[in-house]
Amino acid sequence: MKIRNLLMLAVAAMMFVACTTEKEIPYFTNIDNIPSAALASVTTQAGDFTIKPGDMLQIDVSASNSDAVKPFNKIQYVPMLSGNGGSYMMGDRSTVFYLVDDNGNIDFPVLGKLHVSGMTKNKLEDYIASLIYPRYLTELPSVECRIQNFQVFCIGEFGHSGAVTAENGRLNLIEAIAKSGDLTLQGRRDNILLIRTDATGQRIVKRFNLQDANIMAMPEFELQQNDILYAQPSVYKARSAWSMPPIYSTAVGMMGTAMSLITFITVLAKK
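Residues numbered from 1 in each chain as written. Predicted model: local features only at pLDDT ≥ 70, side-chain atom pairs only at ≥ 80, totals over all residues. Heavy atoms only, no water.

> How should I be thinking about unusual backbone geometry in this particular structure?
In terms of backbone geometry, most residues other than glycine have negative phi values and most peptide bonds are trans. Cis geometry marks the peptide bond from Y133 to P134; its omega dihedral reads 5°. Residue placement: P134 occurs in the loop between α4 (121-132) and β7 (142-147). Non-glycine residue F28 carries a positive phi angle of around 50°. Relative to the assigned elements, F28 resides in the loop between α1 (2-18) and α2 (36-40). (Helix = DSSP H or I, 4+ residues; strand = E, 2+ residues; numbered from the N terminus.)

Following this line, the structure appears as structure tokens:
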């Protein structure tokens, strides 16, 4: 009887250790306590990412006179088989992207080498337009910049870890978590780690508490390309991940078998 009681206590203790409390699951538990004016004052520039070495940019220059801006667009024409005697003709154009080199530069048609690392998307667009007008064009051109390799890496206690992409070059913390299948029940909501490399190559480390709605006012809430998010496992998950060395697990198994035999023999002796 005592052995059975001990086993029941052990099982109950294991269930207690393995559980995650209800208070550890919700996000933004204090959002009702934050003044609406504080949240309304937070503004974001949609898609206004900061350019870094290694970025792949698509930059298009347009104006009412399309022929006048052709020299400022880095494009190539794809040869297509015309079908007339196997001859070739120049077909649809294919955009050639700009790779920001390790020094933060790109080679731009006509304008030459431009140092773009550290600029935001909007600032680069205005900068290129100012270099073209009025020196080369009689009207102010429209410049559109897009990043082709915007991605954030989510590791740890996410529904599915891996790279999260953003076609529009904009992604915030909650959007990245949602695209990663949310956090698992074993992930810590109060300790999300952000690792970022800025335009100068320096590492930036920041921690988020998803239960605190004030994180929405943090500048790091808007993610940058190649950010790394790490969701730490809860203490319960970490404890359950512990494994006993093989030699000890074998010994425990032998002891369990011996105790079972002793119990069986004791029961037979009492009959």
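> Would you explain the packing of aromatic side chains in this entry?
Under the criterion given, the structure shown has three aromatic pairs. Residues Y98 and F108 carry aromatic rings whose centres are separated by 5.3 Å and whose planes lie at 15° to one another, so their mutual orientation is stacked. With Y98 in strand β4 (residues 98-99) and F108 in strand β5 (residues 105-108), the pair connects residues that are ten residues apart, well separated along the chain. Owing to a relative accessible area of 3%, F108 belongs among the buried residues under this scheme. (Phe/Tyr/Trp six-rings, centres within 6.5 Å; stacked < 30°, edge-to-face > 60°. Buried < 20%, exposed > 50% of the residue type's maximum accessible area, 1.4 Å probe, protein only.)

> So what exactly am I meant to see when it comes to the confidence of the model for the chain here?
Close inspection of predicted coordinates is inappropriate for parts of the model with low pLDDT. Residues at a pLDDT of 70 or more form 67% of the chain, whose mean pLDDT is 80. Segment residues 11-18: pLDDT under 50, and three contacts once partners within four positions in sequence are set aside and those in other chains are kept. (pLDDT = per-residue confidence, 0-100. Contact = heavy atoms within 4.5 Å.)

> Help me understand the pattern of salt bridges in this model?
A pair can form between side chains of opposite charge whenever their charged atoms are brought close. Here the structure, examined in full by the defined rule, presents seven salt bridges. Notably, a salt bridge pairs R170 with E175, separated by 3.8 Å at the nearest N-O pair. R196 is the salt-bridge partner of D227, the closest N and O atoms lying 2.8 Å from each other. Placement of D227 in the loop between β11 (203-208) and β12 (228-233) and of R196 in strand β10 (residues 187-197) is noted, with a sequence separation of 31 residues between them. Per residue, the accessibility class of D227 equals that of R196, and both read buried. A network of salt bridges, in which partner residues are shared, links R170, E175 and E222. (Salt bridge = Lys/Arg side-chain N within 4 Å of Asp/Glu carboxyl O.)

> Sorry if this is basic, but what is going on with the pairing of strand β8 (residues 151-156) here?
Looking at chain direction, β8 and strand β9 (residues 162-165) are connected through four bridges and run antiparallel. The partner of C154 across the bridge, within β9, is G162. As consecutive antiparallel partners, β8 and β9 are separated by five residues. Strand direction decides the pairing type here: β8 and β12, joined by four bridges, are parallel. Considered in β12, the bridge of I155 is made with Y230. (Pairing = 2+ DSSP bridges.)

> Before we go on, may I ask you to explain the sheet that holds β4 in this structure?
By definition, the strands of a sheet pair up through backbone hydrogen bonds, in either a parallel or an antiparallel sense. Here three strands make up an open sheet; going across it, the order is β4-β1-β7 and the pairing antiparallel. The sheet terminates laterally at β4 and β7, the two strands that pair on one side only. Summarising the sheet, strand β1 (residues 56-62) and β7 pair through six bridges and their orientation is antiparallel. Paired with Q58 across the bridge in β7 is R146. Running over the sheet, α4 touches β1 and β7 and is turned about 145° from β7. (Axes fitted to C-alpha atoms, helices over the stretch in contact; angles between N-to-C directions.)

> What is the right way to read the side chain of N73 from this model?
Counting through the fold element by element, N73 comes out in the loop between α3 (66-69) and β2 (75-81). Among the polar contacts listed, one links the side chain of N73 to the backbone oxygen of V69, at a separation of 3.1 Å. In this structure N73 touches I59, D60, V61, Y98 and P109, once residues within four positions along its chain are discounted. (Polar contact = N/O pair within 3.5 Å; in protein donor to acceptor, adjacent residues only side chain to side chain.)

> It is not clear to me how the nonpolar core should be interpreted in this structure. Could you clarify?
Where a protein is soluble and globular, its nonpolar side chains tend to be buried together. Among the nonpolar cores identified, the biggest contains 46 residues, and L57, I59, F108, L124, I128 and L229 are the most heavily contacted of them. If you list the elements that add at least two residues to this core, you get β1, β5, α4, β7, β8, α5 (173-179), β10 and β12. No other element matches the four residues that α4 contributes to this core. With residues near it in sequence (within four places) discarded, L57 still touches F49, I51, F97, Y98, V100, L124, C145, R146 and I147. (Core = buried A, V, L, I, M, F, W, Y, C linked by side-chain atoms within 4.5 Å.)

> I tried to follow the sheet that holds β11 on my own but got confused; where do I start?
Across the sheet, which stays open at both edges, the five strands sit in the order β9-β8-β12-β10-β11 with mixed pairing between neighbours. Each edge of the sheet is formed by a strand with only one pairing partner; in this case those strands are β9 and β11. Each neighbouring strand pair of the sheet contributes to a mean axis angle of 25°, computed without reference to strand direction. Where β10 meets β11, six bridges bridge the pair, whose relative direction is antiparallel. Each residue of the ladder has a partner; that of T197, found in β11, is R203.

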